[in-house]
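Structural characterization, general
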Amino acid sequence: HTPDEVSALRVPIGDVNASIFSEAAPQAINQVVSMPNVGKYTLLAHGSETNQPIQFSSFPEDLTPISSGKGKIRVVHISDFDSDLENLNLDVRLVDSNQLVIDELGYGEQGYFEVDPGDIRLQAVDQTGQFVVFDITEIPVADGELVTLFLYGNDSDSMDVWVTVDCVNTYRVDQLVN
């Protein structure tokens, strides 16, 4: 399933029983997720039966104000393209400056960084720096805007990037390379 629908839901503090159901698997996943008492969180199901187990992960949202004259990008890595967790670590770079903005982003982790407003192009490469896993076309980022990139997929034919702007509008972006 793709993250093409975003919705907010209030959940109680503490342990929450989360489940996903589908026609193919009557109960694909059922897991207890602990929700802390403060903040906002993004709860995602990720994994595949091929490389990593299907599971829920809770990603805390960074609620610190965005610096004046900047936009903020959050990258959430839920792409299980390898069965070895160490091989899933990614370095995220700004293409135009080759600046490393997130070092060793692990599977099931997220990272944040601020950028000047404009069209931002990113690459996520493996730890050797030789293999471009995601080559993300230009993403528009406005002043004061939070843009979240969900990196997902489990093989070279199904690697996708979904973008959410200020947790409201969601769309898929094309990649230059898989």
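Refer to the structure presented above.
Residues numbered from 1 in each chain as written. Predicted model: local features only at pLDDT ≥ 70, side-chain atom pairs only at ≥ 80, totals over all residues. Heavy atoms only, no water.

1. Considerations on the nonpolar core
For soluble globular proteins, nonpolar side chains are generally found buried alongside one another. Residues Ile73, Val75, Phe113, Leu122 and Leu149 are the most contacted members of the largest nonpolar core, which totals 25 residues. Beyond its immediate chain neighbours, meaning those up to four positions away, valine 75 contacts Ile102, Leu105, Glu109, Gln110, Gly111, Phe113, Leu149 and Leu151. (Core = buried A, V, L, I, M, F, W, Y, C linked by side-chain atoms within 4.5 Å. Buried < 20%, exposed > 50% of the residue type's maximum accessible area, 1.4 Å probe, protein only. Contact = heavy atoms within 4.5 Å.)

2. Considerations on the sheet that holds strand β9 (residues 118-126)
Pairing between the strands of a sheet comes from backbone hydrogen bonds, and it takes one of two forms, parallel or antiparallel. Taken in spatial order, the four strands of this open sheet run β7-β6-β9-β10, and their pairing is antiparallel. Edge positions in the sheet fall to β7 (99-105) and β10 (132-141), since each has one partner strand and no second. Across the sheet, the mean angle from the axis of one strand to that of its neighbour is 20 degrees, orientation sign disregarded. One ladder, built from four bridges, connects strand β6 (residues 90-94) with β7; its direction is antiparallel. Looking at β7, one finds that valine 92 is bridged to isoleucine 102. (Pairing = 2+ DSSP bridges. Helix = DSSP H or I, 4+ residues; strand = E, 2+ residues; numbered from the N terminus. Axes fitted to C-alpha atoms, helices over the stretch in contact; angles between N-to-C directions.)

3. Points about unusual backbone geometry
Despite not being glycine, asparagine 98 shows a phi value in the positive range, around 60 degrees. The residue asparagine 98 is located in the loop between β6 and β7 in this model. With phi around 55 degrees, glutamate 104 is a residue other than glycine that occupies positive phi space. Summarising the element assignment, glutamate 104 is placed in strand β7. Looking at glutamate 104, the relative accessible area reads 44%, which means it is partly exposed.

4. A closer look at the pairing of strand β3 (residues 41-46)
The two faces of a sheet get side chains in turn, since along a regular strand they alternate between them. Residues Thr42, Leu44 and His46 point to one face of β3 and are all buried, whereas Tyr41, Leu43 and Ala45, pointing to the other face, are not buried. Alignment of β3 against strand β4 (residues 55-60), held across six bridges, turns out to be antiparallel. Across the sheet, residue leucine 43 finds its bridge partner in β4, namely serine 58.

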